[in-house]
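Spelled out from the first residue to the last, the chains are:
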Amino acid sequence: MAEKNVTVTDSCAARVSKILAGEPDNNALRISVEGGGCSGFSYKFDLVPSAEDDDIVIEKNGATVLIDSLSMVYMAGSEIDFVDDLIGQSFQIRNPNAVANCGCGTSFSI
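Overview of the structure. Per-chain numbering applies: the sequence of each chain, read as written, is numbered from 1 onward. The predicted nature of this model means local features are confined to residues of pLDDT at least 70 and side-chain atom pairs, given and counted, to a pLDDT of 80 or more, with totals for whole chains, interfaces and linings taken over all residues. With hydrogens and water excluded, all non-hydrogen atoms of the structure serve as input to the side-chain values.

## Topic: the sheet that holds strand S7 (residues 88-94)
Filter applied, for reference: Two strands qualify as a pair provided that DSSP identifies no fewer than 2 bridges between them. Starting at the N terminus, helices and strands are each numbered in turn, a helix being any DSSP run of H or I of at least four residues and a strand any DSSP run of E of at least two. Contacts were defined at the residue level, with two residues in contact if any of their heavy atoms lie within 4.5 Å. Interaxial angles span 0 to 180 degrees and are taken between N-to-C directions of axes, which are lines fitted to C-alpha atoms, for helices over the stretch in contact.
Taken in spatial order, the three strands line up as S1-S6-S7 in an open sheet, and their pairing is mixed. Bordering the open sheet on either side are strand S1 (7-8) and S7, each of which pairs with just one other strand. Strand direction decides the pairing type here: S1 and strand S6 (residues 79-85), joined by two bridges, are parallel. By the bridge assignment for S6, Val8 is matched with Ile80. Contacts between helix H1 (residues 10-21) and the sheet are confined to S1, S6 and S7, with S6 contributing the most and set at about 75° to the helix.

## Some points on the nonpolar core
Rules: Remark: nonpolar core denotes a set of buried residues (Ala, Val, Leu, Ile, Met, Phe, Trp, Tyr, Cys) joined through side-chain atoms within 4.5 Å. Residue exposure (1.4 Å probe, protein chains only): buried if accessible area is under 20% of the type maximum, exposed if over 50%, otherwise partly exposed.
Core analysis: the biggest nonpolar cluster contains 21 residues, and Val16, Ile31, Ile67, Met75 and Ile80 have the highest contact counts within it. Within the residue set of this core, elements represented by two or more residues are H1, strand S2 (28-35), strand S4 (55-60), strand S5 (63-68), helix H2 (69-75), S6 and S7. Of the residues forming this core, the biggest block, four residues, is contributed by H1.

## Concerning the pattern of salt bridges
Under the convention used in this document: A pair is scored as a salt bridge if a Lys or Arg side-chain nitrogen falls within 4 Å of a carboxyl oxygen belonging to Asp or Glu.
In total, this model carries six salt bridges according to the counting rule given. For Asp10, the salt bridge is made with Lys60, and the minimal N-O distance between the two is 3.1 Å. Residue Asp10 is located in helix H1, and its partner Lys60 is located in strand S4; the two are separated by 50 residues in the primary sequence. Look at Asp10 and you get partly exposed, because its relative accessible area is 47%. The exposure class of Lys60 is partly exposed, given its relative accessible area of 26%.

## A short note on the pairing of S6
The side chains of a regular strand alternate between the sheet's two faces. Sheet topology places S6 next to S7; seven bridges connect them, and they run antiparallel. The partner of Val83 across the bridge, within S7, is Ser90. As consecutive antiparallel partners, S6 and S7 are separated by two residues.

Structure representation (structure tokens):
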């Protein structure tokens, strides 16, 4: 299945690789969308050993990011980044489908 125009930055790929290097039982970062959070939906990040049948697999620079097909409906066109700044370190998703975002950075509404 195509990756639906979701992109992973070099910074995100490098961080995923670094995290997974210390996780011998896991081989990928799974990102999913769940109901809830301050704005209606929230992103969930999990380390997993392998892809599920309905996962979209995005590989970049040796790192693997998985997004299930239902979550992809909400994330199409997004850019997944890893930011390390004065506020802290975090994965950030720039989602063109979101009409509002919460200050926490993991909650959004469509």
